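# Fold and contact review
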Amino acid sequence: MRSPGTLLLLLLLPTALAFKPSDFKTCSQSGFCRRGRALAARAQESPSSWHSPYSIEPPEFLLLAPRQQGFTTSVYSSIHPNVKFVLDVIIHEEGIVRVRMDEEDGLRKRYNEAAQWALIGEPKLSDDVLWTIDGGKAKAVYGPKKDMKLVVDFNPLKITLFRHGKEQVVLNGRGLLHMEHFRTKEDSKPLEHIEGEGQSVLQVNPAAWFEGDTQDAFWDETFSTWTDTKPKGPESLSLDITFPNHAHVYGIPQHATNLSLPSTTGPTARHTDPFRLYNADVFEYLSDSPTSLYGSIPLMHAHSANSTVAVFNALASETWIDIAHVEKGGVETHWISESGILDVFLLPGPTPTDVFAQYAHLTGTAPLPAHWSLGYHQCRWNYVSSDDIRGVQNRFDEDDFPVDVFWLDIEYAEDHRYFMWNKKTFPDPVEMTRDVEAVGRKMVVIVDPHLKRANDYPVYKRASELGVLVKPKSGEGEYEGWCWPGSSSWIDFFHPASWDFWISLFKTKTIDGQWSWTESTDSVGIWNDMNEPSVFNGPEITMPKDNVHYGGWEHRDVHNINGMLFANLTFQAAEARTDPPRRPFVLTRAFYAGSQRFGAMWTGDNLGTWEHMTVGIKMVLANGVGGMPFAGSDVGGFFGNPEPEMLVRWYVVGAFSPFFRAHAHIDTKRREPYLLEEPYKSLVRDILRLRYSMLPVWYTAFRETSESGVPILRPQYVMFPEDEAGFGIDDQYYIGSSGLLVKPVTQKGVKEVSVYIAEDQVYYDYFTNHAHRPQNRHITLPANLDQIPLLIRGGSIIPTRERPRRSSPLMKHDPFTLRIALDTSGNARGELYLDDGETYGYGRGDVVWRGFGAESTTGKGKGKGIGMVRISSVDLAARTGVGAYDPMNEFARSVGDVRVEKLVALGLGKKPLSVVLDGGRELEWEFTSEGVLVVKDPAVRVVDDWAVVVQLE
């Protein structure tokens with residue numbers, strides 16, 4: 001039975017377990033979005049006469065040396081000539097252009113710290129720029145090939161990035177730039193008729209043609225029962241960004257929609273509202289909608305067969321983005337934000353890989369995660385007791401299901417006081433955790449940001465004493481809202497005094513008499529949920545925008561960053577539990593640009609439906625494009641009771657996602673995989689074992705991503721950027737650089753699928769080894785419930801570990817199998833990366849990083865097929881220089897006994913004459929009827945250089 005307090009909270013929940021549109025604003029209900037769209041409508045109504053009111057100083061006053069990296073100049077507004085603006089245009093390394101515009105000497109200060117939280121440091125300036133001023137334009141030519149040109153038009157102000165003389169991205173090309181300046185209520189009174197001396201004079205508003213003649217929601221705004229007081233008045237920012245020669249745009253997560261973003265305006269509009277970026281707690285979100293969800297990354301890629309370019313618009317406030325695909329093959333976008341300065345980074349590409357690297361150099365990459373976090377995670381709201389956790393673990397072992405992590409949701413905490421255990425149900429939390437850890441597994445425990453307002457709760461009491469809680473609109477006292485504990489307050493992580501305090505809470509030993517989480521272990525992972533922040537009785541189920549944070553900033557200014565700081569500090573806290581530190585695991589629901597540096601995310605409160613399974617793949621792909629690759633959607637859906645067929649298919653989706661967790665709502669039936677009837681139970685067991693066998697592939701892919709920023713899941717346009725037919729495909733994808741191509745089934749009753757292939761290359765069925773050569777760029781694969789459409793691209797070598805284990809740490813000394821899938825030329829390559837999976841020793845060079853190759857020579861026979869194949873292993877770490885690398889490093893010695901137990905070669909074409917270890921003995925092998933060579937136990941160590949020679953003639 002639920003307590004009366006729980007029943008009250010359920011009444012305060014935003015929905016009755018269904019998406020409720022009335023809980024969230026549309027553009028027509030948001031004053032600044034209405035103003036922004038009205039501005040665009042006026043421009044569209046007067047295309048020939050419309051022009052931007054903004055201009056910059058004429059050339060004779062612009063101080064610009066030919067070799068400087070950029071310039072700063074005043075911006076003039078013809079509609080507000082007495083308001084000062086300032087513009088910075090700077091060219092950084094890799095050709096990244098930064099454009100900043102702010103109000104100068106205004107009545108107040110616009111929020112200008114969003115980039116500070118997102119960037120890993122101040123970008124380095126370019127030393128290869130040549131500026132000229134010509135005909136009312138400033139022009140910069142730069143780049144190694146001098147093929148990049150930035151053109152700044154003075155009047156009206158317009159900024160265009162060119163490559164090879166072709167427009168890549170244009171700022172303010174449609175004249176929709178508008179920075180609403182700070183004013184007083186007196187200044188903004190509407191103009192009236194003035195009568196005197198027998199005359200009636202009509203005062204004309206000189207800005208009406210551009211801004212409109214009404215003051216729409218300037219000083220307050222009501223939504224449902226809440227009123228936003230808007231003490232600073234209007235301060236929104238409008239900017240049009242056009243990609244004239246790119247027909248596809250991607251990114252701006254998080255939305256449940258296609259990877260290639262559809263139009264929201266114009267004749268091809270699929271949605272009537274713009275895409276919204278405003279972190280929100282959305283129950284059972286729609287599976288196809290521009291509605292804002294839990295995270296916001298204001299990064300958009302634009303792609304064509306000729307080039308890729310991107311924009312990172314560093315804003316932290318609520319933002320709406322209209323998209324229009326135009327007839328000429330370009331895309332027009334309009335960004336409307338509630339507050340903040342203009343701070344836009346242009347990422348010039350020209351390839352998707354280049355753009356990922358450029359964004360990573362700005363905001364960082366996802367770090368190498370703890371290896372165990374790539375295993376299977378079992379969660380539900382809630383496992384109800386210590387004995388429940390032990391029982392679930394026992395059942396996984398009894399039924400031979402591998403699992404690495406068990407999770408605890410909010411009910412572990414007494415009265416939802418996070419860090420504090422309900423001793424009636426969890427009397428022995430440390431012993432329970434150690435029981436889980438005894439077989440290499442881990443616990444993850446939820447810690448939400450809302451603190452129960454109770455003086456006997458040491459976390460709240462200390463935060464209150466330190467004065468680090470978010471304040472109400474008065475700027476005094478503590479904001480009080482409602483969440484799971486009832487009356488709650490929220491730590492203001494923008495306040496520096498909160499940082500050490502939060503880190504101290506995670507210490508497992510008491511330090512200086514301060515309360516900390518001593519009933520925990522150093523290995524527990526942390527789950528940060530509800531950090532949008534979710535406030536059950538707040539406007540749009542979040543915090544009022546006129547709340548006050550450190551520095552006097554309103555919540556409206558920092559809303560989309562708020563959740564990132566919570567996860568950031570939690571990551572630091574978990575890392576600081578040990579000395580030397582170990583890699584922490586943190587899962588966050590809310591995120592922003594740069595959140596990839598602090599852990600994983602998931603797609604939130606999805607439904608157990610085929611549609612949500614389908615869109616979950618697209619959302620994870622979009623997050624990868626947005627720089628946050630460690631992502632997944634909850635297997636089975638958070639809500640509902642999926643039928644067995646759906647659950648089996650969803651386990652495949654999870655097994656081919658970077659983050660792999662099953663989760664379920666408190667009102668759903670238990671659906672741990674061991675509860676399934678046959679054949680579904682065995683099917684899921686096989687899927688889990690497949691995931692574990694492929695952990696070397698996943699970990700190697702994470703290493704690459706941690707260095708390059710290229711996502712782990714790679715859609716067609718990333719792999720084949722010149723193949724236009726693949727630009728809109730978002731239901732199949734490649735795993736890193738491994739060569740694995742998967743197309744999960746996300747529809748009921750499917751018996752076969754068609755996989756799109758962008759190249760004239762052989763692909764092999766992962767399970768049958770059958771060689772497929774695409775017909776009309778497609779391969780048809782069987783896809784019954786016991787079959788997974790999984791292909792190996794010709795030219796790939798896949799390392800796996802095939803021995804079933806209970807958890808991934810138990811696989812450390814297991815041998816490897818190498819699948820060598822020869823391409824049409826008879827060659828292949830692959831990689832394997834290993835380290836201890838826990839510490840930061842890899843930075844010192846404590847790694848094993850091998851490169852595998854297969855090189856063929858042409859035979860002399862009649863058909864001139866393959867005459868000989870040499871399969872080899874080389875030390876990539878020695879060749880690329882990883883830290884102070886020593887081939888006999890500590891980790892390499894610890895796995896020195898690990899061997900390669902099997903080679904499986906595909907695509908030889910004929911039976912070999914001999915298979916020998918280079919310079920050594922004949923090996924045991926067989927050649928199957930399917931034309932597959934299997935070399936049994938070549939007895940080579942994974943840490944050594946070696947070669948196996950297959951002689952065919």
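Here is what the cut-offs are and how they apply
- Residues numbered from 1 in each chain as written.
- Predicted model: local features only at pLDDT ≥ 70, side-chain atom pairs only at ≥ 80, totals over all residues.
- Heavy atoms only, no water.
- Phe/Tyr/Trp six-rings, centres within 6.5 Å; stacked < 30°, edge-to-face > 60°.
- Helix = DSSP H or I, 4+ residues; strand = E, 2+ residues; numbered from the N terminus.
- Buried < 20%, exposed > 50% of the residue type's maximum accessible area, 1.4 Å probe, protein only.
- Lys NZ or Arg CZ within 6 Å of the ring centre and 35° of its normal.
- Core = buried A, V, L, I, M, F, W, Y, C linked by side-chain atoms within 4.5 Å.
- Contact = heavy atoms within 4.5 Å.
- pLDDT = per-residue confidence, 0-100.
- Polar contact = N/O pair within 3.5 Å; in protein donor to acceptor, adjacent residues only side chain to side chain.

### Some points on the packing of aromatic side chains
- Under the criterion given, the structure shown has 52 aromatic pairs.
- Geometrically, the ring pair formed by Phe-312 and Tyr-359 is edge-to-face, given 5.7 Å between the ring centres and 85° between the ring planes. Within this pair, whereas Phe-312 is found in strand S19 (residues 308-313), its partner Tyr-359 is found in helix H5 (residues 352-363), the two being separated by 47 residues in sequence.
- Overall, Phe-312 belongs to the buried group, its relative accessible area being 0%.
- Relative to Tyr-842, the ring of Tyr-840 has its centre 6.2 Å away and its plane inclined at 50°; by these criteria the two rings are tilted.
- Relative accessible area serves as the criterion here: at 25%, Tyr-840 is assigned to the partly exposed category.
- A connected cluster of aromatic rings, assembled from ring pairs, spans Trp-372, Trp-407, Trp-527, Phe-585, Trp-602, Phe-630, Phe-659 and Phe-702.
- Here the basic side chain of Arg-661 rests over the ring of Trp-407, its NZ or CZ set 4.6 Å away from the ring centre.
- The ring of Trp-698 is capped by Arg-691, whose NZ or CZ atom sits 4.5 Å from the centre of that ring.

### What about the nonpolar core?
- Grouped together as the largest cluster of nonpolar side chains are 219 residues, with contacts concentrated most on Tyr-412, Trp-502 and Phe-656.
- Those residues within four positions of Phe-656 in sequence are excluded, and the remaining contacts are Leu-690, Arg-691, Met-694, Trp-698, Leu-713, Tyr-733, Ile-735, Val-742, Ile-788 and Leu-790.
- Counting 51 residues, the second largest nonpolar core, distinct from the first, contains Ile-91, Met-101, Val-249 and Ile-252.

### Overview of the confidence of the model for the protein chain
- A residue-level look at the protein chain finds 96% of positions with pLDDT of 70 or above and a mean pLDDT of 94.
- Contacts from residues 1-16, a stretch scored under 50 in pLDDT, to residues over four places away or in other chains number 25 contacts.

### With respect to the side chain of Asn-889
- Examined against the element boundaries, Asn-889 turns out to sit in the loop between helix H16 (876-880) and helix H17 (890-894).
- Note on Asn-889: relative accessible area 5%, which makes it buried.
- Within the structure, Asn-889 has its side chain in polar contact with the backbone oxygen of Gly-845 (distance 3.3 Å).
- Separated by 3.1 Å, the side chain of Asn-889 and the backbone nitrogen of Phe-891 make a polar contact.
- Not counting residues within four places of it along the chain, the set of residues in contact with Asn-889 comprises Gly-845, Asp-846 and Val-847.

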